[in-house]
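The primary structure of each chain is shown beneath.
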Amino acid sequence: MKRLCRILLLSIFLLSGCTSKNNNELDTKKLDEYKSNVDILIRSAPETSTSQYFSVSYEMSTLPDGTHRYYLIIDNAVQCMYNVKIMAMEVGSDFDTSMAPSIGVLDDEKYNLIPSQVAIEEGYVKGLVLSGETLNNPIDVKLMVSWTDESNTQQMKEYLILHIEANQGSGE
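Because the structure is a prediction, the values reported are computed rather than measured. (Residues numbered from 1 in each chain as written. Predicted model: local features only at pLDDT ≥ 70, side-chain atom pairs only at ≥ 80, totals over all residues. Heavy atoms only, no water.)

A. Examining the pattern of salt bridges more closely. Enumeration according to the criterion identifies four salt bridges in this entry. Linking E133 and R69 is a salt bridge whose minimum nitrogen-to-oxygen distance equals 2.4 Å. Taken together, the positions of E133 in strand β5 (residues 127-134) and R69 in strand β2 (residues 68-75) put the pair 64 residues apart, joining distant regions of the chain. Assessed through its relative accessible area of 22%, R69 is described here as partly exposed. (Salt bridge = Lys/Arg side-chain N within 4 Å of Asp/Glu carboxyl O. Helix = DSSP H or I, 4+ residues; strand = E, 2+ residues; numbered from the N terminus. Buried < 20%, exposed > 50% of the residue type's maximum accessible area, 1.4 Å probe, protein only.)

Structure below.
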């Protein structure tokens, strides 16, 4: 009986060790993708603030401590967008010491923007909101939005540049 308990206990430890290793590998892949996206955003030189695939709106407000919080809203998809990932980067920020706001890159959730379809529990959302904080006003923000088609065979990426000022919201 003692031997059976020891074998069972050892099996549990081995299984939890395997799970931990797989989670670490996934976390490493996510972090590598995040770093790669930051590098691409740093090197990118987007020239437009609008997209033909979705709407972009934004606003920035001043907080009581004098800092500013900006919100970037991606919604109204005109085509099916699966596995949507969004990253924003304030131009001139030091990303060795701060994080770029992101959705779908470091988290485990998958987000889909499908015209006229909302089922939040299943990952089908009307829009996504990304927010960040800054000491500066106004700011320029580089925005990356990537997604795949329904069959997950074609990946699309768009890079936008947004000029944002506190207490001055903007739609399309």
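That was the structure; now back to the text.
B. Representation of the packing of aromatic side chains in the model. Counted by the stated rule, this structure contains two aromatic pairs. Ring plane angle 90° and centroid distance 5.9 Å describe the contact between F54 and W147, whose orientation is recorded as edge-to-face. One end of the pair, F54, is in the loop between α1 (2-43) and β1 (55-62); the other, W147, is in strand β6 (residues 139-148), and 93 residues separate them in sequence. For the residue pair F54 and W147, the accessibility class agrees, reading buried in each case. Ring pairing ties together the aromatic residues Y53, F54 and W147, which thus form one cluster. (Phe/Tyr/Trp six-rings, centres within 6.5 Å; stacked < 30°, edge-to-face > 60°.)

C. Highlighting the pairing of β2. Two strands pair when backbone bridges link them, and β1 and β2 are joined in this way by eight bridges, in the antiparallel orientation. Bridge pairing links S57 to I73 in β2. Connecting β1 to the antiparallel partner β2 that follows it, the hairpin turn spans five residues, and G66 within it adopts a positive phi of roughly 95°. Both β2 and β5 contribute to a ladder of eight bridges, which runs antiparallel. Its bridge partner being in β5, H68 is matched across the sheet by T134. (Pairing = 2+ DSSP bridges.)

D. View of the nonpolar core. Within the largest apolar cluster, 28 residues are counted, with the highest numbers of intra-cluster contacts made by F54, L72, I86, L143 and V145. Sorting the residues of this core by element identifies β1, β2, β3 (82-90), β5, β6 and β7 (155-164) as the ones contributing at least two each. Residue contributions to this core peak at five residues, all from β6. Membership of the second largest hydrophobic core comes to eight residues, among which are V38, L41, M89 and M144. (Core = buried A, V, L, I, M, F, W, Y, C linked by side-chain atoms within 4.5 Å.)

By themselves, these observations are geometric and do not establish any function.
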